[in-house]
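Inside the fold
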Amino acid sequence: MSSKLAHLMQRTFCSDQNSYILQLSDGNYHRTYGLLDAGRIENNILRKKSFGSYQKNLDSTINWICFDFDVAKEYLNKPSFKDYETDLHKIVDCFCEALSKIRIPFLLEFSGNRGMHVWIIFSERIEYYRGYMISKAIIDATELTLPPTVHLDLFPASKRHSDGVGLGVKLPLSKHE
């Protein structure tokens, strides 16, 4: 079962770059060399590691966009953290409901620690720029507004990609340290 899941995850989430992100015991992610293939995915899941894929393919296309919602860092150690977590869940629920209304399929996951990922997967690779424009259009169409307690990171984060590997996102089923 885990082998089939790992192959599906590779096809869905992984870029064709020869590196991926792996979380260290101090909580920081670092670039690890090697293709994030089904074998590595399965091994990392079984070892309960936190790992992720870079979004950008070598040809500057992407396979997915991700909306990374988190409780804002400055609210993490506050006594009313549970209230901020409730704010986060309300925002994400409204966002997902709006996506459903406009018939955009998505995957939702608890990203660990303090947030949620909303993934939109493409059946074919699209240009990086188009992915950014789609994410901005989705924000406009869903009329997303955030309270100060909730932070949103977009993947892709800008119209233009870097010349490097780009940004990575922790994949579903991986565990934060």
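To keep things clear, this report deals only with the structure shown in the data block. On a predicted model such as this, the values are computed, not experimentally measured, just so you know. (Residues numbered from 1 in each chain as written. Predicted model: local features only at pLDDT ≥ 70, side-chain atom pairs only at ≥ 80, totals over all residues. Heavy atoms only, no water.)

1. So, helix 4 (residues 128–142)
The condition is simple: Counting from the N terminus, the helices are the DSSP runs of H or I reaching at least four residues and the strands are the DSSP runs of E reaching at least two. To estimate how far a helix should reach, multiply one less than its number of residues by 1.5 Å. Per-residue accessibility, obtained with a 1.4 Å probe over protein chains only, is compared with the maximum for each type, and a residue is labelled buried under 20%, exposed over 50%, and partly exposed between these values. This arc describes the spread of directions from the helix axis toward the C-beta atoms. Whether two residues are in contact is decided by their heavy atoms: any pair within 4.5 Å suffices.
Relative to the 21 Å expected for 15 residues at 1.5 Å per residue, helix 4 spans 21 Å between its end C-alpha atoms, a close match to the ideal helical length. Among the residues of helix 4, those classed as buried are Y128, G131, Y132, S135, I138, I139 and T142. With its buried residues spanning 120° around the axis, helix 4 presents them on a single face. Contacts from the buried residues of helix 4 go to strand 4 (61–71), helix 3 (81–101), strand 6 (115–127) and strand 7 (150–155). Directly after helix 4, the chain includes E143, whose backbone phi takes a positive value near 55°.

2. Looking at the pairing of strand 6
The cut-off we apply is this: Paired strands, in this sense, are two strands between which DSSP finds at least two bridges.
Looking at chain direction, strand 4 and strand 6 are connected through 9 bridges and run antiparallel. What sits directly across from T61, in strand 6, is E127. Note: strand 5 (residues 107–112) against strand 6, 5 bridges, orientation antiparallel. Bridging from a neighbouring strand, G112 pairs with G115 of strand 6. Counting the residues in the hairpin turn of strand 5 and strand 6 gives 2 residues, including N113, whose phi is positive at 65°.

3. Quick notes on the nonpolar core
Heads up, the condition is: In plain words, nonpolar cores are sets of buried Ala, Val, Leu, Ile, Met, Phe, Trp, Tyr and Cys residues tied together by side-chain atoms within 4.5 Å.
If you look at the biggest cluster of nonpolar residues, it comprises 27 residues, and the most contacted ones within it are F67, F69, F95 and V118. Every element with two or more residues in this core is listed here: strand 4, helix 3, strand 6, helix 4 and strand 7. At 8 residues, the largest contribution of residues to this core is made by helix 3. Residues within four places of F67 in sequence aside, it is in contact with F95, M116, H117, V118, I120, S135, I138, I139, L152, D153 and L154. A6, L22, F51 and W64 belong to the second largest nonpolar core, which has 16 residues in total.

4. Focus on the packing of helix 1 (residues 2–13) against helix 2 (residues 38–46)
Counted only if it meets this: Note on geometry: axes are lines fitted to C-alpha atoms, helical ones only across the stretch in contact, with angles between N-to-C directions running from 0 to 180 degrees. With respect to orientation, any angle under 35 degrees is reported as roughly parallel, any angle over 145 as roughly antiparallel, any angle of 65 to 115 as roughly perpendicular, and every other angle as oblique. Whether a crossing is left-handed or right-handed is set by the direction in which the near helix is turned from the far one by less than a right angle, anticlockwise for left-handed and clockwise for right-handed. Gly is placed with the polar residues, together with every amino acid not listed as nonpolar (Ala, Val, Leu, Ile, Met, Phe, Trp, Tyr, Cys and Pro) or charged (Asp, Glu, Lys and Arg).
Direction vectors running N to C along helix 1 and helix 2 enclose 120°, while the axes themselves pass 8 Å from each other. With respect to helix 2, the element helix 1 is oriented oblique. Crossing of helix 1 over helix 2 shows right-handed handedness. Residue-level contacts link S2, S3, A6, H7, M9 and Q10 of helix 1 to A38, I41, E42 and I45 of helix 2. Broken down by class, the residue content of the contact of helix 1 with helix 2 amounts to 5 nonpolar, 4 polar and 1 charged.

5. A look at the sheet that holds strand 5
Read across the open sheet, the 4 strands follow the order 5-6-4-7; overall the sheet is antiparallel. Here the strands that pair on one side only, and so sit at the sheet edges, are strand 5 and strand 7. On average, adjacent strands in this sheet sit at an angle of 25° to one another, irrespective of strand direction.

6. Focus: the pattern of salt bridges
The criterion, for reference: By salt bridge we mean one thing: a side-chain nitrogen of Lys or Arg within 4 Å of a carboxyl oxygen of Asp or Glu.
In this structure the tally under the stated criterion is 5 salt bridges. Ionic pairing is found between R125 and D16, a salt bridge with its closest N-O pair at 3.2 Å. Here R125, found in strand 6, pairs with D16, found in the loop between helix 1 and strand 1 (19–23); they are 109 residues apart in sequence, far enough to count as distant. For D59, the salt bridge goes to R125, with nearest N and O atoms at 3.3 Å. Of the two residues, D59 is situated in the loop between strand 3 (51–54) and strand 4 and R125 in strand 6; the sequence distance between them amounts to 66 residues. Using a relative accessible area of 45% as the deciding quantity, one classes D59 as partly exposed. Taking the relative accessible area as the measure of exposure, R125 reaches 40% and is therefore partly exposed.

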